[in-house]
Structure formats: C-alpha cells, structure tokens
Amino acid sequence: MSTGDIGAEAVCCASCGIAEVDDIKLMECADCDLVRYCSDKCQQDHRPEHEAMCRKRAAELRDELLFRQPESSYFGDCPICCLPLSLDPNKFVKYFCCSKLVCNGCTTANMMRQFDERLPHGCPFCRQLCAKSDEEMKRRNKKRCEANDPFALREEGRTHFVDGEYERAFEYFTKAADLGEAVAQFNLSLMYREGLGVEKDEKMELYYAEEAAIGGDPTARHSLGCIEGANARFRRAAKHLIIAAKLGHDDSVQRLKGMYKSGYVSKEDFASALRGHQAAVDATKSPQREEAEKLLA
C-alpha cells in the first residue's frame, strides 16, 4: 500500500513511519501515550530521541492520577447501612470472619437484636458466630490470607510488625499492597523510610505513599502534603492537603489553616476545602450511629 492510500487519521510508528493498517499492529510506549511502535527494535532505536519527552509526559500522567479527588476514603461504606465509614477507627468494628468493616450503628443494632431474640453473638454481615478467643480470630485471619484477601494479609502483616518481625511484616504488606490495599501500601512506605525489614529507599517510600494516596488513604495524602511543604513545593502540598481535607481528614484542615494564614493557600481554595471536609464528616452521620455513640459513651 502506498503512502497516498493511507488516510490522514492513520497512526504511524514513531521510528520507521509504518502505518497501523491491516495486519500491522502498533504498541504504545510503555511509559507515555505520545507515540507507538511497530516493534521492540523500533522502540529501542527511537529511545534517545523520545526519552526526554517521554519522561515529561509520564510525569504529567502520574500527576493527573495522583491529584485526582477520590470518591471516598479507602474505608469505603458500611456494607449494611451503605453510609460512608468515619475515618475514626473507634467508630467501626473489624470482622475477621468476612474482612468487613461495620459501623458502630449497625453493630450495636445487631447486638441489641441478638440480645432481644436471645441469639448468640455473630457478625452482622455474614452471620458467622464471633470468635471466642484471640487464637480463633488469628486462625480465621490466616484462612482468609490463604484466599489472598488483602484485608487479612494486611492484618497479618500488622501482627508481625507489632511483634517486631519486620521481614515477615514486609512480606505480608507487599502481598496486600500488590492487591491494592491502601493501608498496606502506606505501611510499606513507612518501612522503606525507616529501614524496617528492608533497606531504606526514598524512591520506594515516595512511590508507596503515592499509591496509598491514590487508593484513598487520607493519612498517606497528608504525609505527602507535609513532605512537599518541607521541600517548599507549596502548590503541590496544598493540592494534597485539600484532597485529604475533602475526605474528612482533620489534621489536613489544620495544616491548610496554617498555609492559608501564611498566604500559600487562597481564600477560595481554603473555603472549598472546609466545605468538602464538613460534607465528608456529615455523610458519615446517621440517627442510628448517633444513638450507638450515646450507648457506647
């Protein structure tokens, strides 16, 4: 086929110029979306010319992903009432039988129902009877680990970390992180920072903190904001803190308040963050949860 027969919309190999037609399929650059190649050889030949542009575009794509506002925090919604869970870990219960986080409102309502009907205490979601001992709970969690449950893998890693078994903790956190578990990703970031169970590595520390932030972990997002602020990259710091604040993160609001007073955050952006923060907090409230809070006080 001659060049004149190829339509204006045809996509061509960035190295040799051959068009993507019929049985010729082009592959995208692995790091950016700017160019395509017909073979590995063409990609290697074109690398010196493309490398600088590729790095720039890859950084732009990473920032687009990094600074996108998550729909919710990594906690997500209570699986029973379907309302967002609070960032306060004292306002929900972890159930190792099914790896669910259930808000105190639904947990308390279930306990009251079981008490009234004289039923044994069980999980409000999967109805399995609750573990009678820590050992039984650990056995259940190990069983979930065998099924590659990211929540269970993270909890197993936490257990090893608390016991000072950092290499084992690193192993379990890595498995959970590879499955997208945001808390495990942030834990890995901290371990790379401190050199616990692994050699210190600033690049890996930053990578896993960013992955956790992308996954909706406001604590990781707040940490990135503090790092950027310490490096005088105040615009990036403000972006991180605003995203965290809109997820309901209290410490990020306080940090933004200080940046606003220092002139690093505009009045409009600070007001938007405050509105977003209040909306996120209000979304976690319900009459049932408020009643449970009174009973548990």
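Bear in mind the structure is a predicted one, so any value in this text is a computation, not a measurement.

Parameters at a glance
Residues numbered from 1 in each chain as written. Predicted model: local features only at pLDDT ≥ 70, side-chain atom pairs only at ≥ 80, totals over all residues. Heavy atoms only, no water. Helix = DSSP H or I, 4+ residues; strand = E, 2+ residues; numbered from the N terminus. Rg over C-alpha atoms; globule rule 2.2 N^0.38 Å. Buried < 20%, exposed > 50% of the residue type's maximum accessible area, 1.4 Å probe, protein only. Contact = heavy atoms within 4.5 Å. Areas by Shrake-Rupley, 256 points an atom, 1.4 Å probe, with all protein chains shown as cover. Lys, Arg positive; Asp, Glu negative; His and termini not counted. Charge placed at Lys NZ, Arg CZ, Asp CG, Glu CD. Salt bridge = Lys/Arg side-chain N within 4 Å of Asp/Glu carboxyl O. Polar contact = N/O pair within 3.5 Å; in protein donor to acceptor, adjacent residues only side chain to side chain. Axes fitted to C-alpha atoms, helices over the stretch in contact; angles between N-to-C directions. Parallel < 35°, antiparallel > 145°, perpendicular 65-115°, else oblique. Left-handed = near helix turned anticlockwise from the far one by under 90°. Nonpolar A, V, L, I, M, F, W, Y, C, P; charged D, E, K, R; others polar. Pairing = 2+ DSSP bridges. Phe/Tyr/Trp six-rings, centres within 6.5 Å; stacked < 30°, edge-to-face > 60°. Lys NZ or Arg CZ within 6 Å of the ring centre and 35° of its normal.

## Looking at the overall build of the protein
So, point 1. When you go through the protein residue by residue, the secondary structure sums to 12 helices and 4 strands.
So, point 2. Against the compact-globule benchmark of 19 Å for 297 residues, the protein has a radius of gyration of 25 Å, which places it well outside the compact range.
So, point 3. Considered along the principal axes of its C-alpha atoms, the protein spans approximately 85 × 50 × 40 Å.
So, point 4. Counting only residues that meet the buried cut, the protein has 37% of its 297 residues in that class.
So, point 5. Pairs at least 24 apart in sequence give 46% of the contacts found in the protein among residues at least 6 apart.
So, point 6. Here the protein has roughly 17,600 Å² of accessible surface; of this, 50% comes from carbon and sulfur atoms.
So, point 7. The positive charge centre, built from 43 side chains, and the negative charge centre, built from 50, are 6 Å apart in the protein.

## A closer look at the pattern of salt bridges
Here the idea is simple: oppositely charged side chains can pair when their charged atoms come close.
So, point 1. Summed over all chains, the structure comprises 24 salt bridges.
So, point 2. With a closest N to O distance of 3.7 Å, Glu64 and Arg57 form a salt bridge.
So, point 3. On the basis of relative accessibility, which here comes to 44%, the residue Glu64 falls in the partly exposed class.
So, point 4. The exposure class assigned to Arg57 is buried, which follows from its relative accessible area of 18%.
So, point 5. Overlapping salt bridges bring together Lys94, Arg154, Glu155, Arg158 and Glu181 as one network.

## Considering the side chain of Glu156
So, point 1. Note on placement: Glu156 falls in helix 4 (residues 150-162).
So, point 2. Owing to a relative accessible area of 7%, Glu156 belongs among the buried residues under this scheme.
So, point 3. Side-chain polar atoms of Glu156 contact the side chain of Lys142, separated by 2.8 Å.
So, point 4. Apart from the residues lying within four places of it in its own chain, the contact partners of Glu156 are Asn141, Lys142, Cys145 and Tyr172.

## Re the packing of helix 3 (residues 134-146) against helix 4
So, point 1. The N-to-C vectors of helix 3 and helix 4 enclose an angle of 125°; their axes lie 8 Å apart at closest approach. Classified by the angle between their axes, helix 3 and helix 4 sit oblique to one another. Between helix 3 and helix 4 lies a crossing whose hand is left-handed. Contacts between helix 3 and helix 4 involve Asn141, Lys142, Arg144 and Cys145 from the first element and Ala152, Leu153, Glu155 and Glu156 from the second.

## Quick look at the environment of Leu179
So, point 1. Relative to the elements of secondary structure, Leu179 occurs in the loop between helix 5 (166-178) and helix 6 (182-194).
So, point 2. Leu179 gets classed as partly exposed once you look at its relative accessible area, which sits at 47%.
So, point 3. For the pair Leu179 and Leu153, spaced 26 residues apart in sequence, the C-alpha separation works out to 9.7 Å.

## Examining the packing of helix 9 (residues 234-245) against helix 10 (residues 250-261)
A pair of packed helices is characterised by two quantities: the angle between their axes and the separation of those axes.
So, point 1. In the contact formed by helix 9 and helix 10, the axes pass within 8 Å of each other and the chain directions differ by 145°. Between helix 9 and helix 10 lies a crossing whose hand is left-handed. Here helix 9 contributes Phe234, Ala237, Ala238, Leu241, Ile242, Ala244 and Ala245 to the contact with helix 10, which in turn contributes Ser252, Val253, Arg255, Leu256 and Met259.
So, point 2. Residues of the contact of helix 9 with helix 10, tallied by class, amount to 10 nonpolar, 1 polar and 1 charged.

## Considerations on the pairing of strand 4 (residues 100-103)
So, point 1. Here 4 bridges tie strand 3 (residues 92-95) to strand 4, and the two strands are oriented antiparallel to one another. Note that in strand 4 the partner of Val93 across the bridge is Val102.
So, point 2. Between the antiparallel neighbours strand 3 and strand 4 lie 4 residues, among them Ser99 with a positive phi of about 60°.

## Structural notes on the side chain of His50
So, point 1. Tracing the backbone shows His50 in helix 1 (residues 40-66).
So, point 2. Excluding its chain neighbours within four sequence positions, the residues that come into contact with His50 are Cys29, Cys32, Leu34, Val35 and Tyr37.

## Digging into the packing of aromatic side chains
So, point 1. Under the criterion given, the structure shown has 9 aromatic pairs.
So, point 2. Consider the rings of Phe161 and Tyr166, whose centres lie 5.1 Å apart with planes at 65°: the pair is edge-to-face.
So, point 3. The exposure class of Tyr166 is partly exposed, given its relative accessible area of 31%.
So, point 4. Feature note: the residues Phe170, Tyr192, Tyr207 and Tyr208 constitute an aromatic cluster, connected by ring pairs.
So, point 5. A cation over a ring is seen here: Lys175 above Tyr172, with NZ or CZ 5.4 Å from the ring centre.
So, point 6. For the cation-ring pair, Lys239 lies above Phe67, with the distance from its terminal atom to the ring centre recorded as 5.1 Å.

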